[in-house]
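What follows is each chain in one-letter form.
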Amino acid sequence: MQQDRLSDWLVKHELVHRSLGFDCRGIETLQIKTEDWYSIAVISYVYGYNYLRSQCAYDVAPGGFLASVYHLTRIQYGVDKPEEVCIKVFVPRNNPRISSVFWIWKSADFQERESYDMLGISYDNHPRLKRILMPESWIGWPLRKDYITPNFYEIQDAH
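The chain goes by NAD(P)H-quinone oxidoreductase subunit J, chloroplastic in an unreviewed UniProt entry, where it is assigned to Elaeis guineensis var. tenera. As its UniProt record puts it under Subunit (unreviewed entry), the chain is described as follows: "NDH is composed of at least 16 different subunits, 5 of which are encoded in the nucleus." Under the UniProt heading Subcellular location (unreviewed entry), the note attached to the chain is "Plastid, Chloroplast thylakoid membrane".

This is the structure:
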């Protein structure tokens, strides 16, 4: 028996979201409001999306929104083609805060830290939200489109 898509289930239970369409592999992309994200993440897990395949983030446009993107997969025994969904949460760049899903999917740990490090998105209730690629002393968010590259590069000792 084919289960409904997550978006159908969300509509049936009157949970606000917006479908952004399907990619070339038939995976639906949903837009979720920031304030609804944690509840929908918990619901997605209970609904069967037990694997966070990846989390990433990007800068939509200079001065515009930042997006945190989650690729969720429903892994089931005996199913050859697991169901997948892509969820995007857009946040304003002046206060980019999203609830962390670390406590739902542990694989979000380093991925959310990288999004914080590169774009400055703060993930509330993340247990170790700190820079992971850049030095702690680094100023700014290097993957933002309005980032101004410093005209110096610190050469660090390899010792």
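Asker: Would you mind showing me how to read the sheet that holds strand β3 (residues 51-59) here?
Answerer: Whenever strands of a sheet pair, they do so through backbone hydrogen bonds, lying parallel or antiparallel. Ordered by their spatial adjacency, five strands build an open sheet running β1-β2-β5-β4-β3, and the pairing between neighbours is mixed. Each edge of the open sheet carries a strand with a single partner, namely β1 (18-22) and β3. Neighbour-to-neighbour, the strand axes of this sheet turn through a mean angle of 20°, independent of strand direction. As judged from the eight bridges shared by β3 and strand β4 (residues 65-74), these two strands associate in the antiparallel manner. Along β4, the bridge assignment pairs aspartate 59 with leucine 66.

Asker: I keep staring at the pattern of salt bridges and nothing clicks. Help me out?
Answerer: Two side chains that carry opposite charge are able to pair once their charged atoms sit near each other. Scanning the model with the defined rule gives eight salt bridges in all. Notably, a salt bridge pairs arginine 74 with glutamate 83, separated by 3.1 Å at the nearest N-O pair. The class of glutamate 83 is buried, set by a relative accessible area of 18%. For the salt bridge of arginine 93 with aspartate 146, the shortest nitrogen-to-oxygen distance reads 3.1 Å. Taken together, the residues span a long stretch of sequence, with arginine 93 in the loop between β5 (83-92) and β6 (97-99) and aspartate 146 in the segment after β7 (122-124) at a distance of 53 residues. Overall, arginine 93 belongs to the buried group, its relative accessible area being 11%. A relative accessible area of 41% means that aspartate 146 is categorised as partly exposed. Three or more residues joined by partner-sharing salt bridges are found here, namely Arg25, Arg53 and Glu84.

What counts, and at which threshold
Residues numbered from 1 in each chain as written. Predicted model: local features only at pLDDT ≥ 70, side-chain atom pairs only at ≥ 80, totals over all residues. Heavy atoms only, no water. UniProt positions renumbered as here; feature names shortened; annotations may be inferred. Pairing = 2+ DSSP bridges. Helix = DSSP H or I, 4+ residues; strand = E, 2+ residues; numbered from the N terminus. Axes fitted to C-alpha atoms, helices over the stretch in contact; angles between N-to-C directions. Salt bridge = Lys/Arg side-chain N within 4 Å of Asp/Glu carboxyl O. Buried < 20%, exposed > 50% of the residue type's maximum accessible area, 1.4 Å probe, protein only.

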